[in-house]
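Single-letter residue listing:
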Amino acid sequence: MCGIFGAIGNWNEGTVRALAIANRERGKDSLGFFDSTGQMIKGAGDPMTVLSKPNLADWLIGQRKKCRTSVPKGWFIAGHTRLGTRGAAIRRNAHPFRYGRIVGSHNGMVDAPRDYEVDSMYLFDLLAKHDADYNKAWADVTGYWGISWFDGEDFWLQCHDGELALVQAGDCWYYSSDDKHLKACVQCDHSQIITFGEGVTWRFNSQGEATKATPFVSKGVQYWTKGGGYSRYYNQYDDGNGNVRGRSGAFSNGADNRWWEDDEYSTANPNSSEVRDFDADWREAWSQYTSDSEHSKAV
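For clarity, every value in this text was computed on a predicted model and none was experimentally measured.

(A) The overall build of the protein, seen in detail. Per the secondary structure count, the protein includes 8 helices and 19 strands. In the protein, buried positions account for 54% of the 299 residues. Considering only contacts within the protein whose residues lie at least 6 apart along the sequence, 64% involve residues at least 24 apart. When the accessible surface of the protein is split by element, carbon and sulfur atoms take 46% of a total near 12,500 Å².

So, in structure tokens, the structure goes:
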């Protein structure tokens, strides 16, 4: 599980920082950003630590100024917090990734060939090879995602068997992997939030136009399910009897109850004592979000 978040339009730096902190509950291995200038910045480690580094803090301020003074150069910003499932927690493996004119970030897991150090890389490489046609690129990919990418002209958001939410606040759109992040950080009402359905794809351009694009239609085999299978949201296993088990980085194929860890299958069910307290993670993120000085200034 990872988190994607960001803003399209006249974005507020403090709100973007708040969304980064909120998405920390979904991944503490790295933090990264990309924007409409085509630039990327990322670092390995706890997102709170990375967010406080002078180079990233200065970069955010600079990109925000571009948004204010030289639209369309700074018309969107896209972030990602990583919980690694494949590939070491190092800067090289942090999102975003660039292939040709495609740069993007991904939350989820996909069945990628072994020569990709991070499974997410496979999606963006395919997209670049298929001239940004996602239905051709990903039709046969096995996996799930909430995903954001930039093709050099337009910014895209898509959900496939995953979760993603979007809300408009004034002349800006904000998005996050979890709708409660938007309610907390954008301070919007639940009725204003758009929750992505299966295959829903949104396209944004530098003129401020936001439109639903052609939906994504998967032809790939889907192993990840909610009941009696892998919980795509929290790396936990629901055995179908109300018992939630699991640990970060483990998943079941939902068919024969095998677990995948460290590139090997195992029939051993992860010990229930190792289940992460995600509510505690959220409380921690919320506490840090409310005390963040930059967000306090912004709101």
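And the narrative resumes.
(B) The sheet that holds strand β8 (residues 155–160), seen in detail. The strand order across the open sheet built from 6 strands is β5-β6-β7-β8-β12-β13, with neighbouring strands paired in antiparallel fashion. In this open sheet, the two edge strands, each paired with only one partner strand, are β5 (97–99) and β13 (210–212). The average angle at which neighbouring strand axes cross in this sheet is 25°, direction not considered. Where strand β6 (residues 102–110) and strand β7 (residues 143–150) come together, 8 bridges link them in antiparallel fashion. In the sheet register, Gly104 faces β7, and the bridge partner there is Trp149. Along the sheet, helix α4 (residues 119–129) contacts β5, β6 and β7; its crossing angle with β6, the most-contacted strand, is approximately 135°.

(C) A look at α4. With respect to burial, α4 is a largely interior element, 9 of its 11 residues being buried. In this fold, the buried residues of α4 make contact with β5, β6, α5 (134–138) and β7. Phi for Asp131, located one or two positions after α4, is positive at around 55°.

(D) Structural view of unusual backbone geometry. His95 connects to Pro96 through a cis peptide bond whose omega is 10°. Positioned with a positive phi, Asp131 is a non-glycine residue whose angle comes to about 55°. Here Asp131 shows up in the loop between α4 and α5. Judged by relative accessible area, which is 58%, Asp131 ranks as exposed.

(E) Seen up close, the packing of aromatic side chains. For the coordinates displayed, the defined rule picks out 21 aromatic pairs. Ring centres of Phe5 and Phe33 lie 5.7 Å apart, and the angle between their planes is 90°; this geometry places the pair in the edge-to-face category. Of the two residues, Phe5 sits in strand β1 (residues 3–9) while Phe33 sits in strand β2 (residues 30–35), which places them 28 residues apart along the sequence. Each of the two residues, Phe5 as well as Phe33, counts as buried. The interplanar angle of 50° and the centroid separation of 5.3 Å between the aromatic rings of Trp145 and Phe216 together place this pair among those described as tilted. With a gap of 71 residues between them, Trp145 in strand β7 and Phe216 in the loop between β13 and β14 (230–231) connect regions that are remote in the sequence. The same class applies to Trp145 as to Phe216, namely buried.

(F) Seen up close, the pattern of salt bridges. If you walk through the whole model with that rule in mind, you get 8 salt bridges. In this structure, Arg26 and Glu163 form a salt bridge, with 3.0 Å as the shortest nitrogen-oxygen distance. In this pair, Arg26 is assigned in the loop between α1 (13–22) and β2 and Glu163 in the loop between β8 and β9 (165–169), connecting sequence segments 137 residues apart. With respect to burial, Arg26 and Glu163 carry one shared label: buried.

How each quantity is defined
- Residues numbered from 1 in each chain as written.
- Predicted model: local features only at pLDDT ≥ 70, side-chain atom pairs only at ≥ 80, totals over all residues.
- Heavy atoms only, no water.
- Helix = DSSP H or I, 4+ residues; strand = E, 2+ residues; numbered from the N terminus.
- Buried < 20%, exposed > 50% of the residue type's maximum accessible area, 1.4 Å probe, protein only.
- Contact = heavy atoms within 4.5 Å.
- Areas by Shrake-Rupley, 256 points an atom, 1.4 Å probe, with all protein chains shown as cover.
- Pairing = 2+ DSSP bridges.
- Axes fitted to C-alpha atoms, helices over the stretch in contact; angles between N-to-C directions.
- Phe/Tyr/Trp six-rings, centres within 6.5 Å; stacked < 30°, edge-to-face > 60°.
- Salt bridge = Lys/Arg side-chain N within 4 Å of Asp/Glu carboxyl O.

Worth remembering: the numbers are spatial, not functional.
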